[in-house]
Amino acid sequence: MNIKKEMFLALIPFILLGCGGSSDTTNETDNNIPVPKITWQWQLQGDLDTSYDVDMYDIDLFNTKEDTINELRSKGKQVICYFSAGSYEDYRPDSDKFLEDDKGDELDGWDGEYWLDIRSANVRSIMQDRLDLAVDKNCSGVEPDNVDGYSNSNGLDLTYEDQLDYNKFIATEAKKRGLKVMLKNDLDQIKDLVTYYDYALNEQCHAYNECEYLTPFTDAGKPVFNAEYDDKYVNDEDARAALCKDATANDIRTLVLPQALDNSFRYSCD
């Protein structure tokens, strides 16, 4: 390896980590690109607990006060701000901006939430406004949710290409604003999107035996975050220990959390 390449590889964790966090402990993938070991907390409901000694918080964009975000940032934390990029939620402050034609079928199990027509110029404009809000509130990055509508019963005839174009649009617009961006779930499109996104965030890849889909991120030296909700990981210490062993071996930052993401309990594999 020549000196220039060696110096570049050494800088990758700091480039990826951005504002806040620590990357002095890393694992190496088969491609010899170090993956930053970023500890994290994910809470979207309830009174936000800011006492965790972690590198990164993932919190709700609308419900978290700017002062809270600034406080976390002042302590060297990354703050990733959650919003739904692919669904209409009737309780959000900007819900009146959506047109009736923007809405598709209701999300299964989520009253008042509907898939969005991600081809709509109006929908995209609203998402740009949400990204602007993330900048205004001093977020380090964003977690756009529900970016896999094409693979669900959406009532809009969305295609793989529709979703791919939209997810590239979201990532590009986030980067224009200096925001880091997470790819949430959407496992089937990871190979097409890994170069556009800084992180991957997955739910229950261990429970569903899908973690191998996330290797393009770790192979690229990009962190993968995961949440597991299964009762066996909550109540069985041996099952949780096995889970954490597998997560650590695969460079996945796994938490066992309540599905409500309300901080009622938390187990970390780090």
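Quick caveat, the model's predicted, so the values are computed rather than measured.

Reading the values: the criteria
- Residues numbered from 1 in each chain as written.
- Predicted model: local features only at pLDDT ≥ 70, side-chain atom pairs only at ≥ 80, totals over all residues.
- Heavy atoms only, no water.
- Helix = DSSP H or I, 4+ residues; strand = E, 2+ residues; numbered from the N terminus.
- Buried < 20%, exposed > 50% of the residue type's maximum accessible area, 1.4 Å probe, protein only.
- Patch = residues over 30% accessible without salt bridge, like charges linked within 9 Å, V, L, I, M, F, W, Y side chains within 5 Å.
- Areas by Shrake-Rupley, 256 points an atom, 1.4 Å probe, with all protein chains shown as cover.
- Salt bridge = Lys/Arg side-chain N within 4 Å of Asp/Glu carboxyl O.
- Lys, Arg positive; Asp, Glu negative; His and termini not counted.
- Charge placed at Lys NZ, Arg CZ, Asp CG, Glu CD.
- Pairing = 2+ DSSP bridges.
- Contact = heavy atoms within 4.5 Å.
- Axes fitted to C-alpha atoms, helices over the stretch in contact; angles between N-to-C directions.
- Polar contact = N/O pair within 3.5 Å; in protein donor to acceptor, adjacent residues only side chain to side chain.
- Right-handed = clockwise from strand over helix to strand, strands pointing away.

Visitor: Any details on the overall build of the chain? Residues and values, ideally.
Guide: Each helix and strand in the chain was counted, giving eight helices and 14 strands. Counting over 270 residues, the chain shows a buried share of 53%.

Visitor: Requested: an account of a negative patch on the surface, with residues and values cited.
Guide: A cluster of acidic side chains, namely D90, D105, E106, D108 and D111, defines a negative patch on the protein surface. Summarising the element assignment, D108 is placed in the loop between strand 7 (103-106) and strand 8 (113-116).

Visitor: Could you give an account of the environment of D219, naming the residues involved and the relevant values?
Guide: Within the fold, D219 resides in helix 6 (residues 215-219). Placed 184 residues apart in sequence, D219 and V35 show a C-alpha to C-alpha distance of 8.3 Å.

Visitor: Explain unusual backbone geometry to me, and be specific about the residues and the numbers.
Guide: In this model, N185 sits at a positive phi of 55°, which is unusual for a non-glycine residue. On the basis of relative accessibility, which here comes to 16%, the residue N185 falls in the buried class.

Visitor: Give me the lowdown on the sheet that holds strand 11 (residues 199-203), citing residues and values where you can.
Guide: Taken in spatial order, the nine strands of this open sheet run 3-4-5-9-10-11-12-13-14, and their pairing is mixed. Of all strands in the sheet, those bounded by a partner on one side alone are strand 3 (40-42) and strand 14 (267-268). Here strand 3 pairs with strand 4 (residues 56-60) via three bridges, running parallel. Bridging across to strand 4, W40 finds its partner in M56. Against the sheet, helix 2 (residues 66-74) engages strand 4 and strand 5 (78-84), with an angle of about 145° to strand 5. Sitting on the sheet, helix 3 (residues 121-136) is in contact with strand 5 and strand 9 (141-145), with an inclination near 155° to strand 5.

Visitor: Can you explain the side chain of Q41? Please cite residues and give values.
Guide: Note that Q41 resides in strand 3. Taking relative accessible area as the criterion, Q41 reaches 1% and is therefore assigned buried. There is a polar contact of 2.6 Å between the side chain of Q41 and the side chain of R266.

Visitor: Help me get a handle on the pattern of salt bridges, residues and values and all.
Guide: A complete count under the given rule lists 16 salt bridges for this structure. A salt bridge links K184 to E143; the shortest N-O distance between them is 2.6 Å. Highlighted residues: K184 in strand 10 (residues 180-184) and E143 in strand 9, separated in sequence by 41 residues. What makes K184 buried here is its relative accessible area of 3%. By relative accessible area, which is 0% here, E143 ends up buried.

Visitor: Let's hear about the pairing of strand 9: which residues, and what values?
Guide: Most of strand 9 is tucked away, with five of its five residues classed as buried. Of the strand pairs in this sheet, strand 5 and strand 9 are connected by five bridges, and their pairing is parallel. Within strand 9, the residue paired with C81 across the bridge is V142. Pairing analysis gives two bridges linking strand 9 to strand 10, with the strands arranged parallel. Counterpart to V142 in the pairing with strand 10 is V181. Handedness of the crossover is the feature at issue here: the chain leaves strand 9, passes through helix 4 (residues 160-176), returns alongside strand 10, and the resulting connection is right-handed.

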